[in-house]
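# What the coordinates show
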Amino acid sequence: MKRYGRVRSMSEEVDWDSLTFSLTPTDTMYLTETTATEPWMPGSLRPYGAIPMSPAAGVLNYGQGLFEGMKAFRTSKDRVVFFRPEENARRMQRGADRLKMPPVPESIFIDAVEQCVQANIKWVPPTGRGALYVRPLLMGSGPVLGVAPAPSYTYLVYVTPVGPYFKGGVSAIDLLISEDYHRAAPGGSGGVKAIGNYAPGMMPSKKAKAAGFAEVIYLDAETHNYIEEVGAANFFCVKDNTLYTPELTGTILPGITRQSIIELARHNGYDVVETKVSAEFAMGADEAFCCGTAAVISPIGSITKGGEKAVYGDGKPGPITEQLYSHLVGIQNETEEDLFGWLHEIPL
Ligand SMILES: *Cc1c(COP(=O)(O)O)cnc(C)c1O
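Sequence order sets the numbering: in each chain, residues are counted from 1 along the sequence as written. Thresholds applied to this predicted model are a pLDDT of at least 70 for local features of residues and 80 or more for the giving and counting of side-chain atom pairs; totals over whole chains, interfaces and linings are not thresholded and use all residues. Excluding hydrogens and water, the side-chain values take into account all heavy atoms of the structure.

This paragraph deals with the overall build of the protein chain. Only DSSP runs of H or I covering at least 4 residues are called helices, and only runs of E covering at least 2 are called strands; the numbering of each starts at the N terminus. Across its full length, the protein chain holds seven helices and 17 strands. For 348 residues, the compact-globule estimate of 2.2 N^0.38 gives 20 Å, and the C-alpha radius of gyration of the protein chain, at 20 Å, lies within 12% of that figure. Based on the C-alpha atoms only, the size of the protein chain along its principal axes is roughly 50 × 50 × 40 Å. Note on exposure labels: buried denotes an accessible area under 20% of the residue type's maximum, exposed denotes more than 50%, and partly exposed covers the range between, all computed with a 1.4 Å probe on protein chains only. A buried classification covers 51% of the 348 residues belonging to the protein chain. Atoms counted for the radius of gyration: C-alpha only. Globule rule: 2.2 Å times the number of residues to the power 0.38.

A few words now on the side chain of Asn 234. In this structure, Asn 234 sits in strand S11 (residues 233-239). For Asn 234, a relative accessible area of 5% corresponds to the buried category. Within the local environment of Asn 234, its side chain forms a polar contact with the backbone oxygen of Leu 253, the two atoms lying 3.0 Å apart. Whether two residues are in contact is decided by their heavy atoms, any of which lying within 4.5 Å being enough. Not counting chain neighbours up to four residues away, the residues in contact with Asn 234 comprise Glu 229, Ile 252, Leu 253, Gly 255, Arg 258, Phe 289, Cys 290 and Cys 291. Here a polar contact is taken to be a pair of N or O atoms separated by no more than 3.5 Å, where protein atoms must pair a possible hydrogen donor with a possible acceptor and residues adjacent in sequence count only if both atoms sit in side chains.

With respect to the helices and strands, Glu 114 occurs in helix H3 (residues 106-119). Only four residue types enter the charge count: Lys and Arg as positive, Asp and Glu as negative, with His and the chain ends excluded. Salt bridges are defined by distance alone: a side-chain nitrogen of Lys or Arg within 4 Å of a carboxyl oxygen of Asp or Glu. Buried charge Glu 114 goes without a salt bridge, the closest partner of opposite sign being Arg 79 at 11 Å. Every residue in contact with Glu 114, bar those within four places of it in the chain, is listed here: Phe 82, His 344, Glu 345, Ile 346 and Pro 347.

Turning our eyes to something else, we now look at the domain arrangement of the protein chain. Taken domain by domain, the protein chain consists of domain 1 (16-162) and domain 2 (173-333). Spacing between the C-alpha centres of domain 1 and domain 2 amounts to 26 Å. Listed as interface residues are 25 residues of domain 1 and, on the opposing side, 19 residues of domain 2. For any pair of parts, buried area is found by adding up, for both, the accessible area (1.4 Å probe) each one loses once the two are put together. Around 1,900 Å² of area is buried between domain 1 and domain 2 when both sides are counted, 65% of it from carbon and sulfur atoms. In terms of surface lost to domain 2, no three residues of domain 1 exceed Phe 67, Phe 83 and Arg 91, which account for 34% of the buried area on that side. Linking domain 1 with domain 2 are one salt bridge, by the criterion used here. Among the ionic pairs, Glu 263 bridges to Arg 84, the shortest N-O distance being 3.6 Å. For the pair domain 1 and domain 2, the number of links is nine residue pairs in polar contact (both at pLDDT 80 or more). Note on residue categories: nonpolar means Ala, Val, Leu, Ile, Met, Phe, Trp, Tyr, Cys or Pro, charged means Asp, Glu, Lys or Arg, and polar means any other residue, Gly included. Partitioned by chemical class, the residues of the side of domain 1 that touches domain 2 number 10 nonpolar, eight polar and seven charged. The domain boundaries here were taken from an automatic or database domain assignment.

What pLDDT conveys is the predictor's confidence in a given residue, as a value from 0 to 100. Per-residue pLDDT for the protein chain averages 94, and the proportion of residues at 70 or more is 95%. Predicted confidence is poor over residues 1-11, with pLDDT under 50, and the contacts of this stretch with residues over four places away or in other chains come to 22 contacts.

The next subject is the environment of Lys 122. Secondary-structure assignment places Lys 122 in the loop between H3 and strand S6 (131-140). One polar contact links Lys 122 to Asp 27, side chain to side chain, over a distance of 3.5 Å.

So, about the site of the ligand. Being near a molecule or strand, for a residue, means having at least one of its heavy atoms within 4 Å of it. The immediate surroundings of the ligand are formed by 14 residues, with Lys 193, Tyr 198, Glu 229, Thr 257 and Thr 293 found nearest. Glu 229 places a side-chain nitrogen or oxygen 2.5 Å from a nitrogen atom of the ligand. Thr 257 has a polar side-chain atom sitting 2.6 Å from an oxygen atom of the ligand. Surface accessibility in these figures is a Shrake-Rupley result with a 1.4 Å probe; residues are shielded only by whichever protein chains are displayed. Here the ligand loses 96% of its free accessible area of 380 Å² to cover by the protein chains.

Moving on, we get to the pattern of salt bridges. Using the criterion set out here, one finds 14 salt bridges in the structure. Across the pair Arg 91 and Glu 68 runs a salt bridge, and its minimum N-O distance is 2.8 Å. Pair noted here: Arg 91 is in helix H2 (residues 85-98) and Glu 68 is in the loop between strand S3 (65-67) and strand S4 (70-74), with a separation of 23 residues, a long-range link. A residue is classified by how much of its surface remains accessible, and Arg 91, at 6% relative accessible area, is buried.

For the rest of this paragraph, the subject is the packing of H2 against H3. Their axes nearest at 9 Å, the elements H2 and H3 cross at an angle of 125°. The orientation of H2 with respect to H3, classified from their angle, is oblique. Judged by the twist between their axes, the crossing of H2 over H3 is right-handed. Residues Pro 85, Glu 86, Asn 88, Ala 89, Arg 90, Met 92 and Gln 93 of H2 lie in contact with H3, whose contacting residues are Glu 106, Phe 109 and Ile 110. Axes here mean lines fitted to C-alpha atoms, for a helix over just the part in contact, with angles spanning 0 to 180 degrees between N-to-C directions. Put simply, angles under 35 degrees are roughly parallel, angles over 145 are roughly antiparallel, angles from 65 to 115 are roughly perpendicular, and the rest are oblique. Working rule for handedness: look at the near helix, and if it is turned counterclockwise from the far one by less than a right angle, call the crossing left-handed; if clockwise, right-handed.

This part covers the packing of helix H5 (residues 256-267) against helix H7 (residues 319-332). Contact geometry of H5 with H7 gives a least axis separation of 11 Å together with a crossing angle of 110°. Of the possible angle classes, the one that applies to H5 and H7 is roughly perpendicular. Listed contacts from H7 to Thr 257, Ser 260, Ile 261, Leu 264 and Ala 265 of H5 are Leu 324, His 327, Leu 328 and Ile 331. In terms of residue class, the contact of H5 with H7 is built from six nonpolar, three polar and no charged.

Further remarks concern the nonpolar core. We call a set of buried residues a nonpolar core when its members are Ala, Val, Leu, Ile, Met, Phe, Trp, Tyr or Cys and they connect through side-chain atoms within 4.5 Å of each other. Grouped together as the largest cluster of nonpolar side chains are 36 residues, with contacts concentrated most on Leu 66, Phe 109, Val 117, Leu 138 and Tyr 155. Elements that contribute at least two residues to this core include exactly S4, strand S5 (80-83), H2, H3, S6 and strand S7 (152-162). Top contributing element to this core by residue count: H3, with seven residues. Residues in contact with Leu 138, not counting those within four places in the same chain, are Trp 40, Gln 64, Gly 65, Leu 66, Met 92, Ala 96, Met 101, Pro 102, Val 104, Thr 154 and Tyr 155. Residues Ala 131, Val 296, Leu 328 and Trp 342 belong to the second largest nonpolar core, which totals 24 residues.

Below you can see the structure in the form of structure tokens.
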């Protein structure tokens, strides 16, 4: 039987339980433009849909583009909140510097994501049944032929409702260490959410999936010893009650979930070490998990490297993984106290 959630102030109904992490087009998006020399001005809302673009746009020809990913949650107190949106704004600014684009001021970034959620409020799922995923994009949209920064830029925000990442309970995933591919090199763009970082991961990821794994683990490109990331998520392992996560060397994307887990774990009395985490060390750990906005925390059930397979627990999340997962999700839906002031209420 299908269950339908009531949508406040709308007669229309959405089948929340059929949502997965995939695109459901919504009503309204936000867009603003500027040139390479003028300041950003607040933009406007418009119907969700295709945008005209020059065939010579910098983003189409040379990948001058960044994305962000964040969620708006309807909490148990019936408020709609973002989780640390200022961090997304700042990360996009650092990315803009790296890709030679004009950084969007934090005030415009936040105003845009708020307006976009407000305009699509009927798409925010009920508490615990998903979130409204918010996707800001910054791109060189003006025409350019030689390899150079575009003459003009577009900042665009669209939203799509997504279901809870794990349906029917959290389950541990099996991962494969990539022997042949790397995600990022020192001095490159791995530390920012540059759109061009993601297509090269699709083939290795598909290959791993065809072999029965959920995703690949990338090692560092220099020594091929140290774990960097799990697909597009950050990595943690737990050994003797201490958490270990790869240090931010410039080739790892500084995840907001990663940073929040570090702060939460320390608050709960655990030692957290940001260091080089070798594949060998991780494979001897007691628990392992990966994290990011989409899944929050995914427990890792096994890691395979060449002919070796390390198995963690019995297919269920380890105790520390479980504790951090419920604490973080609890903060996000306001069943746990917002100890660090991470929630940002969206006025409705
Ligand atoms: C976005 C992303 C993450 C996770 O970052 P969050 O801010 O926690 O969502 C991790 N790794 C990569 C490569 C990413 O693109």
